[in-house]
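Given next are the chains, with one letter for each unit.
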Amino acid sequence: MQTRTYTPASIARACARWLFRLLLVLLLIPVSAYLVFVVTRFLPAKSELDASLVPYQGPAPHLRMLRGLVWANVQGNPAHPTPGHWLDGPDARITGQVARFITAKEDLYRSSLWRHLDGIAWQLSLNISYDPEAMAALWSAQVISPAGKGMEATALHYFGRPLRELDCHDLAALVVMVRAPRYFAPGSEASERFIHQTGLEAACGQPVTDSADAS
């Protein structure tokens, strides 16, 4: 009977092959899960998402101001933008917020781990599919407030006027309100203080940028 001789080199090669196969399996599991998510969740919802952001796109002054305010709000202080870590930059924060808006009803019935993994999949898909301008419009369309969904409904609820009739300060108050509707209610002292301290209104005249541009 022939015996097999193991040398340090052969053992190292065997370990390397085993590790490679293990890494391949560990890589295929999340990739496969994400592809299933794209096919079963994201693509069926994308046409509805695309349609929802249309009213918030375009060159109208109030829409350009709104999109600028949305991005400035996730950047922190628009007067002094600071580049964040890639996991916590403005682009990651805005896609995370949009993902939470989209899945708000579903999240009531799911575990925190599942919500986290689902949120990552949504963020990745949104980042791939939409540029900064479209993301700001999508945020405006999907945002949830006491008035329901969308900034148009929010404007009517708080000001009794459509978005097109609001000035920069009113739009800024609506964007800030989403952070905490009761605490930052438009016209409240907390809302006015936040707008003043962050210089949020300065974003009305600035183009929409993502974290890479801000840095």
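Worth saying up front: this structure is predicted, and the values here are computed from it rather than measured. (Residues numbered from 1 in each chain as written. Predicted model: local features only at pLDDT ≥ 70, side-chain atom pairs only at ≥ 80, totals over all residues. Heavy atoms only, no water.)

(A) Structural context of the overall build of the chain. Within the chain, the secondary structure is distributed over 10 helices and two strands. Of the regular secondary structure in the chain, the N- to C-terminal order runs α-α-α-α-α-α-β-β-α-α-α-α. For the chain, the residues scored as buried account for 39% of the 215 residues in total. Relative to all contacts within the chain whose residues are 6 or more apart in sequence, the contacts with residues 24 or more apart total 62%. As displayed, the chain offers around 12,700 Å² of accessible surface, 62% of which is attributable to carbon and sulfur atoms. (Helix = DSSP H or I, 4+ residues; strand = E, 2+ residues; numbered from the N terminus. Buried < 20%, exposed > 50% of the residue type's maximum accessible area, 1.4 Å probe, protein only. Contact = heavy atoms within 4.5 Å. Areas by Shrake-Rupley, 256 points an atom, 1.4 Å probe, with all protein chains shown as cover.)

(B) Region of interest: the side chain of serine 125. Here serine 125 shows up in helix H5 (residues 112–129). When sequence neighbours within four positions are dropped, the list of residues in contact with serine 125 reads Tyr34, Phe37, Val38 and Phe42.

(C) Region of the structure containing the state of the cysteines. Under the defined criterion, the tally for this structure stands at one disulfide. There is a disulfide in this structure between cysteine 168 and cysteine 204, and the S-S distance comes to 1.7 Å. Judged by the sign of its S-S torsion, about 85 degrees, the cystine formed by cysteine 168 and cysteine 204 is right-handed. Remark: cysteine 204 occurs in the loop between helix H9 (189–198) and helix H10 (211–214) and cysteine 168 occurs in helix H8 (residues 168–177); sequence separation between them is 36 residues. (Disulfide = S-S within 2.5 Å.)

(D) Spotlight on the UniProt feature "transmembrane region" (unreviewed entry) in the chain. Sequence positions flagged by UniProt for "transmembrane region" (unreviewed entry) are, in local numbering, residues 20–43. Across residues 20–43 one finds 100% helix and 0% strand; the C-alpha atoms that close the span lie 32 Å apart. (UniProt positions renumbered as here; feature names shortened; annotations may be inferred.)

(E) Layout of helix H1 (residues 8–53). Taking the largest bend as the criterion, H1 deviates by roughly 40 degrees, centred on phenylalanine 42, and proline proline 44 comes between one and four positions later. Within H1 the residues assigned to the buried category are Ser10, Phe37, Val38, Phe42, Leu49 and Leu53. (Bend = angle between axes of the 7 residues up to and from the residue.)

(F) Spotlight on the pattern of salt bridges. Considering all chains together, one arrives at five salt bridges under this definition. When the shortest N-O distance is used, the salt bridge between lysine 46 and aspartate 50 registers 3.0 Å. Remark: aspartate 50 and lysine 46 occur in helix H1; sequence separation between them is four residues, near one turn of the helix. According to the relative accessible area criterion, lysine 46 is partly exposed, its value standing at 22%. Residue classification places aspartate 50 among the partly exposed residues on the basis of a relative accessible area of 28%. With a shortest N-O distance of 3.3 Å, arginine 161 and aspartate 170 are connected by a salt bridge. Among the residues examined, arginine 161 registers a relative accessible area of 28% and is labelled partly exposed. The class for aspartate 170 is buried, based on a relative accessible area of 13%. (Salt bridge = Lys/Arg side-chain N within 4 Å of Asp/Glu carboxyl O.)

(G) Structural context of the environment of serine 188. Mapped onto the elements, serine 188 comes out in the loop between H8 and H9. In the structure, serine 188 is positioned 11 residues away from methionine 177 in sequence and 9.7 Å away in space, judged by C-alpha atoms.

(H) Region of the structure containing H8. H8 sits mainly inside the fold: nine of its 10 residues count as buried. For H8, the secondary structure elements touched by its buried residues are helix H2 (61–75), helix H6 (132–142), strand E1 (144–145), helix H7 (151–159) and H9. With a side-chain oxygen positioned 3.2 Å from the backbone nitrogen of histidine 169, the residue opening H8 is aspartate 167. (Polar contact = N/O pair within 3.5 Å; in protein donor to acceptor, adjacent residues only side chain to side chain.)

(I) Here's a closer look at the nonpolar core. Counting residues in hydrophobic clusters, the biggest one holds 50 residues, and the most contacted among them are Tyr130, Trp139, Met151 and Leu163. Listing elements by their share of this core, those giving two or more residues are H1, H2, helix H3 (90–102), H5, H6, H7, H8 and H9. Setting aside residues no more than four positions away along its own chain, tyrosine 130 makes contact with Phe42, Lys46, Leu49, Asp50, Leu53, Met135 and Leu138. (Core = buried A, V, L, I, M, F, W, Y, C linked by side-chain atoms within 4.5 Å.)

(J) Summary view of the packing of H7 against H8. It is the contact of H7 with H8, at a shortest axis distance of 11 Å, that shows an interaxial angle of 110 degrees. When the interaxial angle is binned, H7 and H8 end up roughly perpendicular. Between H7 and H8, the residues in contact are Met151, Thr154, Ala155, Tyr158 and Phe159 and Asp170, Leu174, Val175 and Met177, respectively. (Axes fitted to C-alpha atoms, helices over the stretch in contact; angles between N-to-C directions. Parallel < 35°, antiparallel > 145°, perpendicular 65-115°, else oblique.)

(K) Representation of the packing of aromatic side chains in the model. One pass over the structure, following the stated rule, counts six aromatic pairs. Ring geometry for tyrosine 34 versus phenylalanine 37: centroids 6.2 Å apart, planes at 25 degrees, classification stacked. Taken together, the residues span about one helical turn, with tyrosine 34 and phenylalanine 37 both in helix H1 at a distance of three residues. Accessibility expressed as a relative area gives 21% for tyrosine 34, which makes it partly exposed. Between phenylalanine 101 and tryptophan 139, the aromatic rings sit 6.0 Å apart at their centres with planes inclined by 70 degrees, giving edge-to-face as the arrangement. (Phe/Tyr/Trp six-rings, centres within 6.5 Å; stacked < 30°, edge-to-face > 60°.)

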